[in-house]
Amino acid sequence: RINDRITVEDLLKAALISSNNNATIALAEHVSGNEKDFVKLMNQKAKEIGALNTNFENTNGLDSDNPGHRSTAKDLIKIAKYCMSDSKFREIVSLKEANIYINDEEIIIKNTNSLLDGDFIKGIKTGYTNNAGFCLMTYSEKENIEIICAIMGSSLYGRNYDTLRLINWIYDNYEYKKIISKEEAIVSAKASDMNSN
């Protein structure tokens, strides 16, 4: 509301932890003066990082009357990877709950991502709209393997189930192996033996 006092960090927490859509609008107005101009910046940034099949029409991802609000799993992974490179973003999306303050009144918010209870799930974001269904972007880190997973068009419980199946399959089937050291020679050849053609 007008004259409410809240920090930018607490607005970010409200948006990223408990999916508060008003917080995204307040942040947009703080940065750009209005949501429409901020959405232009969002679309510009999406293109800069290679999310070329993404177009935002608002700050919160809610369905609009115009079907131009869209993205793809591949683009969302690019956006998530970019966001996770920011330490503050990474910290906030990993929190199971947080205390925020509006007008010096403490409010406890809880994360909508129940997978954070697992020891190798480190964050990102849940989502839902009528058009997109239940969605989940997940960042996982285990055994030196980092994974960003996108689930879209799922059900409330299906998004968690599908995410864990994909992530666990990767951890069960992939691992880093040192094949050769960069100091170790593979083939030796004299310069005179080389074909001059």
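Every value quoted in this text rests on a predicted model; they were computed, and no experiment measured them. Think of each chain on its own: its residues are numbered from 1, step by step along the sequence as written. The predicted nature of this model means local features are confined to residues of pLDDT at least 70 and side-chain atom pairs, given and counted, to a pLDDT of 80 or more, with totals for whole chains, interfaces and linings taken over all residues. The basis for the side-chain values is all heavy atoms of the structure; hydrogens and waters are excluded.

Sheet strands pair via backbone hydrogen bonds, and the direction of the pair is either parallel or antiparallel. The strand order β3-β4-β5 describes an open sheet built from 3 strands, whose pairing is antiparallel. The two strands at the open ends of the sheet, each matched to only one other strand, are β3 (121-129) and β5 (145-154). Pairs of neighbouring strands in the sheet enclose a mean axial angle of 10°, with direction left out of account. Against the sheet, helix α6 (residues 158-173) contacts β3, β4 (133-142) and β5, and its axis sits at roughly 150° relative to β5. Any two strands between which DSSP finds at least two bridges are classified as paired. Secondary structure elements follow DSSP: runs of H or I of four or more residues count as helices, runs of E of two or more count as strands, with numbering from the N terminus. Fitting a line to C-alpha atoms yields each axis, with helices limited to the stretch in contact; the angle taken between N-to-C directions then spans 0 to 180 degrees. Two residues form a contact once any of their heavy atoms are found within 4.5 Å.

Patch rule: a residue counts if its relative accessible area is over 30% and it has no salt bridge; like charges are joined within 9 Å, and nonpolar side chains (Val, Leu, Ile, Met, Phe, Trp, Tyr) within 5 Å. Each accessible area is a Shrake-Rupley estimate made with a 1.4 Å probe; only the visible protein chains count as cover when residues are assessed. Any Lys or Arg side-chain nitrogen found within 4 Å of a carboxyl oxygen on Asp or Glu counts as a salt bridge. On the surface, a nonpolar cluster with roughly 470 Å² of combined accessible area is contributed by I179, I180, I186 and V187. Here I180 lies in the segment after α6. The exposure class assigned to I180 is partly exposed, which follows from its relative accessible area of 34%. Here's how the labels work: a residue is buried when its accessible area is under 20% of the maximum for its type, exposed when over 50%, partly exposed in between, all with a 1.4 Å probe on protein chains only.

The next subject is the layout of surface pockets. Of the pockets and cavities examined, the second largest pocket occupies roughly 430 Å³. Cavities and pockets are found on a 1 Å grid laid over the protein atoms alone: a cavity is a set of points where a 1.4 Å probe fits but cannot escape, a pocket is an open set with protein on both sides within 12 Å along at least five of seven lines, and a lining residue has an atom within 4 Å of such a point. In this structure, the second largest pocket is lined by 15 residues; those nearest its centre are R1, D4, L11, N22 and I102. Secondary-structure elements contributing two or more residues to the lining of the second largest pocket are α1 (8-18), α2 (21-32) and β1 (97-102). Any residue outside Ala, Val, Leu, Ile, Met, Phe, Trp, Tyr, Cys, Pro, Asp, Glu, Lys and Arg is labelled polar, Gly included; the first ten of those are nonpolar and the last four are charged. Looking at the lining of the second largest pocket, its residues break down into 9 nonpolar, 4 polar and 2 charged. Grid points are joined across faces, edges and corners, and a volume is the space filled by probe spheres set on the points.

Counting buried positions along β4 gives 7 out of 10 residues, so the element sits mostly inside the fold. Relative to β4, β3 is paired through 8 bridges, and the arrangement is antiparallel. Following the sheet pairing, T126 is matched in β4 by L136. Taking the residues between adjacent antiparallel strands as the criterion, β3 and β4 are bridged by 3 residues. Bridge analysis of β4 against β5 gives 8 bridges, and the strand direction is antiparallel. Its bridge partner being in β5, S140 is matched across the sheet by I147. The turn linking β4 back onto β5 is made up of 2 residues, and E143 within it adopts a positive phi angle of 50°.

What follows is about the pairing of strand β2 (residues 105-110). Bridge count between β1 and β2: 6 bridges; the pairing is antiparallel. When the sheet's bridge partners are listed, Y101 is paired in β2 with E106. Two successive antiparallel strands, β1 and β2, enclose a turn made up of 2 residues, where N103 displays a positive phi of approximately 55°.

Now for the packing of aromatic side chains. Each Phe, Tyr or Trp ring (for Trp, its six-membered ring) is paired with any other whose centre lies within 6.5 Å, and the angle between the two planes then decides the class: stacked below 30 degrees, edge-to-face above 60, tilted in between. Across all of its chains, the model carries 3 aromatic pairs by this definition. Their ring planes at 85° and their centres at 5.8 Å tell us that F120 and Y171 sit as a pair that is edge-to-face. Linking F120 in the loop between β2 and β3 with Y171 in helix α6, this pair joins segments that are 51 residues apart in sequence. Judged by its relative accessible area of 6%, Y171 falls in the buried class. Aromatic pair W169 and Y174: ring centres 5.8 Å apart, planes at 65°, arrangement edge-to-face. Assessed through its relative accessible area of 49%, W169 is described here as partly exposed. Seen from the ring of F120, K142 lies directly overhead, with NZ or CZ sitting 4.4 Å from the centre. Comment: the charge-over-ring label is applied if NZ (Lys) or CZ (Arg) is within 6 Å of the ring centre and within 35 degrees of the ring normal.

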